[in-house]
Amino acid sequence: MKLAICPGSFDPVTLGHKDIIERAAELFDKVIVVVMSNSEKNATFSIEERLDLLKSCVKGENIEFDTYSGLLVEYAKKKGAVAIVKGLRAVSDFDYEFQQALTNQSLLPKIETVFLTAKGKNMFLSSSMVKEVCRLNGDISGFVPAEILDDVIKRCKGESKND
């Protein structure tokens, strides 16, 4: 069985993330979507909330979800993954992701990084952009899955999930 890891901060999950995950699920027998904690980012949603948002809008018989806060290659090794799947929007993404791929391969030579390019309609999407547009009262309905739209709007406008 070919297992791939699809990591990200998913703060929040966008239509671009969803597309990459679903396409990865077509290429591999099993995909584990891993919500990673990133010390360089100030998260809007807790790691548990991000996991719940993903589960509510990404479906597939061969897709599982998890969280992890250590080295991605350690997680991949523990799970027996053959690949890490990353989405690319632009050349600027490639520079960073290529460096990460080389580092991961240095730490775990058997792991491959598979880059899937964003579809044209998602080339500009980022979680940061979604949050900024939302905070400025813009329409984000074309940027995030409908299942989580209300949750994202409430949080970006400063409301807690329980308000």
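Parameters at a glance
- Residues numbered from 1 in each chain as written.
- Predicted model: local features only at pLDDT ≥ 70, side-chain atom pairs only at ≥ 80, totals over all residues.
- Heavy atoms only, no water.
- Axes fitted to C-alpha atoms, helices over the stretch in contact; angles between N-to-C directions.
- Helix = DSSP H or I, 4+ residues; strand = E, 2+ residues; numbered from the N terminus.
- Parallel < 35°, antiparallel > 145°, perpendicular 65-115°, else oblique.
- Left-handed = near helix turned anticlockwise from the far one by under 90°.
- Contact = heavy atoms within 4.5 Å.
- Nonpolar A, V, L, I, M, F, W, Y, C, P; charged D, E, K, R; others polar.
- Salt bridge = Lys/Arg side-chain N within 4 Å of Asp/Glu carboxyl O.
- Buried < 20%, exposed > 50% of the residue type's maximum accessible area, 1.4 Å probe, protein only.
- Core = buried A, V, L, I, M, F, W, Y, C linked by side-chain atoms within 4.5 Å.

> I'd like to hear about the packing of helix α5 (residues 127-135) against helix α6 (residues 149-156), residue by residue, with values.
For any two helices packed against each other, one specifies the inter-axial angle together with the distance between the axes. Here α5 crosses α6 at 70°, and the two axes come no closer than 9 Å. It follows from the interaxial angle that α5 and α6 lie roughly perpendicular. Here the hand of the crossing between α5 and α6 comes out right-handed. Contacts between α5 and α6 involve Val130, Lys131, Cys134 and Arg135 from the former and Val152, Ile153 and Cys156 from the latter. Looking at side-chain class alone, the contact of α5 with α6 contains five nonpolar, no polar and two charged residues.

> Describe the pattern of salt bridges, listing the residues and the values that go with them.
Enumeration over the complete set of coordinates arrives at eight salt bridges. Aspartate 19 is the partner of arginine 23 in a salt bridge, and the nearest nitrogen-oxygen pair spans 2.8 Å. Separated by four residues within a single helix, arginine 23 and aspartate 19 lie in helix α1 (residues 15-27), roughly one turn from each other. Where arginine 155 meets glutamate 49, a salt bridge forms, and the shortest distance between an N and an O atom there is 2.8 Å. Taken together, the positions of arginine 155 in helix α6 and glutamate 49 in helix α2 (residues 47-57) put the pair 106 residues apart, joining distant regions of the chain. Side by side, arginine 155 and glutamate 49 carry an identical accessibility label, which is buried.

> Can you lay out the nonpolar core for me, pointing to particular residues and giving the numbers?
Counting 33 residues, the largest nonpolar core has Ile21, Val31, Leu54 and Ile140 as the members making the most contacts within it. Put simply, the parts of the chain that give this core at least two residues each are β1 (3-8), α1, β2 (30-36), α2, β4 (83-88), α5 and α6. With five residues, the single largest contributor to this core is α2. In terms of nonpolar packing, the next biggest core, distinct from the first, is built from 13 residues, Val34, Met36, Ile84 and Ile111 among them.

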